[in-house]
Amino acid sequence: MKITDTQTWTAVVTPMHENGELHLEDLASLIHKQDEAGNGVLVLGSTGEGLALGLEDKKEVIKTASSLNIDIPVMAGVGGFNLRDQLEWIEYCHQFEIDAFLLVTPLYAKPGAKGQTQWFKSLLDAAGKPCMVYNVPSRTGVRMSVEMLMELQGHPNFEVVKEASGSITDFQKYSASAPELAFYSGDDAMTPFFAMAGCTGLVSVASNVWPEAVHRYVQWCMEGRGPELLPLWQECADLLFEAPNPVPVKVLLKEKGWISSSVLRPPLTEDELGDISLLKNADQMISDWYDKTNDD
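Residues numbered from 1 in each chain as written. Predicted model: local features only at pLDDT ≥ 70, side-chain atom pairs only at ≥ 80, totals over all residues. Heavy atoms only, no water.

Draft legend 1. Representation of the pattern of salt bridges in the model. Scanning the entire structure with this criterion turns up ten salt bridges. For Lys59, the salt bridge identified is with Glu56, shortest N-O distance 3.7 Å. Separated by three residues within a single helix, Lys59 and Glu56 lie in helix α2 (residues 55–66), roughly one turn from each other. Salt bridges linked by common partners bring Arg143, Asp170 and Lys173 together as one network. (Salt bridge = Lys/Arg side-chain N within 4 Å of Asp/Glu carboxyl O. Helix = DSSP H or I, 4+ residues; strand = E, 2+ residues; numbered from the N terminus.)

In structure tokens:
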């Protein structure tokens, strides 16, 4: 299996009961919706509140995601600041039908090029599966090192970079420095622009609520049709980030009846989001767009 065999990956939310415990039945239901749309699934990323979950909860998510009768690949998030913990987590995941790993730049410590290279090499060596390295400086506090990419791009388990800096300039700098690697957009709204700069696909938040529509959106972006998708998709995708991710997505999933509760783990709270009328309007606009593309 190659990560690049799948254009659209959904960074799936982790549904919870009102008391904050995992709602594994809702998680399975969401993954089945992604399977129907043909989108790969990333569990325990930032959208899945991976860092807010305890180890036992994370294990339950992995067990559930890997036990379903689905045709799509499953990627597991690996992120934190304790290398030994991350290596033990990868080893645990090896017991299950996990197809790939997402490796996030180390949090909080702000390592330089040599520290990042040593960190990622250790994880890539342990992975034994295709890996996507994730650059998201707004969350981790550090930018992915160009030197690290240049040194590790030939590693047999290093296949893809997920670029979520929000900068076309950075995207071009990274992709030029590591021509052996594929690059995915990590930002729904920026995907038309990243596609023009040479990205291969999208790791999406929006596809939680619009699985089939985002699948088509990505296809069209990769076919060079990005300009005709603006401004609708940019406007609607941006509304999913009006409050910290995944607050708006969980609220809209609850509104659509796809999950039973929009509860999040602290420090996130649904109280960050007030009026959801714009979200509901965006949901209708995307639905209308998808229906129209089916009719055309």
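Draft legend 2. Structural context of the packing of helix α1 (residues 24–37) against helix α9 (residues 211–222). Contact geometry of α1 with α9 gives a least axis separation of 9 Å together with a crossing angle of 40°. The angle between the axes of α1 and α9 places the two elements in the oblique class. Classified by chirality, the crossing of α9 by α1 is right-handed. Residues Lys33, Gln34 and Ala37 of α1 pack against Pro211, Glu212 and His215 of α9. Broken down by class, the residue content of the contact of α1 with α9 amounts to two nonpolar, two polar and two charged. (Axes fitted to C-alpha atoms, helices over the stretch in contact; angles between N-to-C directions. Parallel < 35°, antiparallel > 145°, perpendicular 65-115°, else oblique. Left-handed = near helix turned anticlockwise from the far one by under 90°. Contact = heavy atoms within 4.5 Å. Nonpolar A, V, L, I, M, F, W, Y, C, P; charged D, E, K, R; others polar.)

Draft legend 3. A look at the environment of Gly115. Among the structural elements, Gly115 can be located in helix α4 (residues 113–127). Separated by 30 residues in sequence, Gly115 and Ser145 have C-alpha atoms that sit 9.6 Å apart.

Draft legend 4. Layout of the sheet that holds strand β8 (residues 201–204). Pairing is parallel in the closed barrel, where eight strands are placed in the order β1-β2-β3-β4-β5-β6-β7-β8. Across the sheet, the axes of successive neighbouring strands diverge by a mean angle of 30°, strand direction being ignored. In terms of strand pairing, strand β7 (residues 182–185) meets β8 through two bridges, oriented parallel. Note that in β8 the partner of Tyr184 across the bridge is Gly201. Those strands touched by helix α3 (residues 83–93) are β3 (74–78) and β4 (100–104), and its axis lies near 160° from that of β3. (Pairing = 2+ DSSP bridges.)

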